[in-house]
Structure formats: structure tokens, C-alpha cells
Amino acid sequence: MGKKNRKKFKTDSQPQLTRLHALVQRIQRGDYPSQKILALEWEKTPRTIQRDMDFIRDVWRLPLEYDPYRYGFYFSEPVGKFPMVPISEKELVSVFIAQKALTQYHGTPFEQPLRSAFEKLVSSLQGEISVAWADLDSAISFRGIETNTEDMEELARLSGAIRSRNEIEFEYRKLEEQSLNSKLQTPNSTETSSSNNQTSKANPDAGRQPATRRVRPYHLANIGNQWYLFGYDLMRQAMRKFVPARMSGLKVTTRKFERPKGFSVDNLLKGSFGVFSGGETMEMKIWFDRARAQLVREKKWHHSQEVRELGNGEIEVAFELSSFVEIVLWILGWGEHAKAVSPKELVEEVKRVVGSLRERYS
């Protein structure tokens, strides 16, 4: 009967690891604590404590015994460090790779919390498996964009405002690029685009001077090695995205807010190749010659990606997108090895940018 209960416990639920860890340390004191005493100390039922004891003995396989004369638990052998979670060597290597990737946060407010979390996980695994850390260190490395310490401090404050649901104020300087506002021109969006052009002079976002923003911060995301803050702009009465590096004078106010239950970053980014989205999505096709086709095949550039083999090593890649902003830059990044195929509006936009480049270099 006991075996059946124990099996059910293992499959149904697992006690909190923090309590189990503390219970092991409590028993190591050697004063033979009873089930009743442990239940009182942890404000749990004796039945819960007994399940914890079963887990420590049967799952962690620690030498836990019960002394019927002293009416308490003890360890029949010395207990050193023990695993808090079962993990394989492959999984630990994955953790190591993640730790290496996070070295870009060295010297930032995020470094200590990340280092602490990693050390706790690794320390709980000592003695369970053996890994040649030096070999891993020499075999794996990451190279990327250096992190600005001031930017990371700003991110820490923004993250705190998001968690505490506090409105923020800051000065924001937008990029002045004509093409940044270009979106997919469909029959349903042409009128809107025309209207936007007519009112551009009255746009509060225009101009070189930074503008004051009052925002309810909803979400921070790192997309394409760039941080973005998604929030509700109180002055413009609409959702906006901001690059923290373009903020100045950040102030976290005492004004509270509630984030909408239906808020979803995935919905905001639907149809984008990165962070820019427009109206309705449309299939966009790009041709690649054999010199770059294999490079394109090797990576999943977008969740809607479809690759069609054309023969002679050439391919055609299709995406479902709603904005030209990032896909045009991506196409041009391949140089003469790529060409926009459809829709016509995409081809014309690429031609326009190429024309501007030609004038720039003439």
C-alpha cells in the first residue's frame, strides 16, 4: 500500500525544492527532529513532511533513516552537496553555453543576479556529473555587440517600472529616416498612408528635438540585438515602441496603472520581420543565386518562411509580412546575390532605395 502511495506522489507533485533543501540541512544538525517538530517548524501537516522525507530518501537517494528510540530522522552517512534537480551532461553544457552568452552583461546591474542564479544551479549539481569546464571554455565563445553599461542601468529601471506597474516619463529622440515609416501599400492602407503624409507637418514625433513622453510600460524585448520598450503612450493615446538608448531623463513616477489583460507582444509584432509591422500581411518573394542559397537555407529567418528550389542551386524564399522596412534592408544586405520578386510594391521600394544609393555614390 505504501509503495502505491509513494508512486502516486512521484507522479502527481514534487515538494518545493527550497523546503527540501532546508529540511536536509535541518536533519544534518543531528538532533533527530521528529515528523511533528518539522511540521510545526514549517507550518505543514505531518503528512506533507512525511512525503518530503520519502522524496529525500527515494528520489534523491540520501541515507535518511528513522530512529524509533529517539523518535526522529537522521542520516546514517555523511551527506555533502546533493542535486536539487536531475540534469544530464548535455543539459548542463546547454546551461554553460547560456552562461557564456550572458557575459555581455559584465559590469551591468544584471551581472550579479545572473551570476548568482547560475552558481546556485551549478553548485547543486557538483558530485552528480563531471564536466571538463576548461575544455568547454576553450571550445565555446560568443562575439557580438558590446553592451553599454548606461543602457543596462536604464533597462534595469524600466524593468522595475514594468513589474511595479508605474508610469514613466522621459525625453525621446526619434530617428529621422523617411523610409522608416514606409509600410506595405495595399488597397486598404493607401488612403491611410496618404492621410499620414498630409498631416506629417503636424506630427508631434517630427523634428530633431527630443519630445517628452508619458508612457505606461508593458514589456521589454530584445529583438535583433536591440532592446525595445512596448508601452501605451498617454500623450498620443496609442501603443508605441521605444528604443531605451534614445531615451534621456528617465523618471519613474508614483502613478500606477493596470496592464490590459489582452495585451500581447506577439500580436503587436504580427507580420513584422523584426519589430516593424504595417497593415495586412502579404506574401513577399525573394530570389537568391546559388552563391548564397545555401546560407539562406541554413537558417530560419522568419516563422512564415518557405523555400522553393528553382534548379541550378537557385532558390526563392517567401515570407508573410506587412512592412517593407526591415525586409528591404535584409534583401539589400545580400548585395547582387538577391532580388525582390513580388509583390510589385516591394520591388519598387527596393528600386527606390537602390536609386538613392546610386545618387549617394555618384
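In case you missed it, the structure is sitting above this.
We now turn to the structure provided with this report. (Residues numbered from 1 in each chain as written. Predicted model: local features only at pLDDT ≥ 70, side-chain atom pairs only at ≥ 80, totals over all residues. Heavy atoms only, no water.)

A closer look at the overall build of the protein chain
- Scanning the protein chain from N- to C-terminus turns up 13 helices and 11 strands.
- Within the protein chain, buried positions represent 35% of all 362 residues.
- The contacts of the protein chain with a sequence gap of at least 6 include a subset with a gap of at least 24, amounting to 66%. (Helix = DSSP H or I, 4+ residues; strand = E, 2+ residues; numbered from the N terminus. Buried < 20%, exposed > 50% of the residue type's maximum accessible area, 1.4 Å probe, protein only. Contact = heavy atoms within 4.5 Å.)

Notes on helix α4 (residues 46-58)
- For α4, with 13 residues, the first-to-last C-alpha span of 18 Å sits near the 18 Å given by 1.5 Å per residue.
- Within α4 the residues assigned to the buried category are I49, D52, M53, D54, F55, I56 and D58. (Expected span 1.5 Å × (residues − 1).)

A closer look at the packing of aromatic side chains
- Taken as a whole, this structure holds 15 aromatic pairs when the rule is applied.
- Arranged with centres 5.3 Å apart and planes meeting at 80°, the rings of F170 and F242 form a pair that is edge-to-face. Residue F170 is found in strand β3 (residues 166-172), and its partner F242 is found in strand β6 (residues 238-242); the two are separated by 72 residues along the sequence. The pair formed by F170 and F242 is uniform in burial state, with each residue classed as buried. (Phe/Tyr/Trp six-rings, centres within 6.5 Å; stacked < 30°, edge-to-face > 60°.)

With respect to the pattern of salt bridges
- For the structure shown, the criterion picks out 15 salt bridges.
- Taking the shortest distance from any N to any O, the salt bridge between D54 and R57 comes out at 2.9 Å. Residue D54 and its partner R57 are both found in helix α4; the two are separated by 3 residues, about one turn of the helix.
- For E349, the salt bridge identified is with R352, shortest N-O distance 3.0 Å. Taken as a pair, E349 and R352 lie in helix α13 (residues 344-361) at a separation of 3 residues, close to a single helical turn.
- Taking relative accessible area as the criterion, E349 reaches 13% and is therefore assigned buried.
- Overall, R352 belongs to the partly exposed group, its relative accessible area being 37%.
- Taken together, the salt bridges that share partners define one network made up of E167, E169, R214, R216 and R255. (Salt bridge = Lys/Arg side-chain N within 4 Å of Asp/Glu carboxyl O.)

Observations regarding the nonpolar core
- Ranked by size, the top nonpolar core spans 23 residues in total, and within it L158, I168, F170, L229, F230, F242 and M247 carry the most contacts.
- At the level of secondary structure, the elements contributing two or more residues to this core comprise α8 (149-164), β3, β4 (211-223), β5 (226-233) and β7 (247-256).
- Counting residues in each nonpolar core, the second largest holds 22 residues, with I315, A338, A340 and L346 among its members. (Core = buried A, V, L, I, M, F, W, Y, C linked by side-chain atoms within 4.5 Å.)

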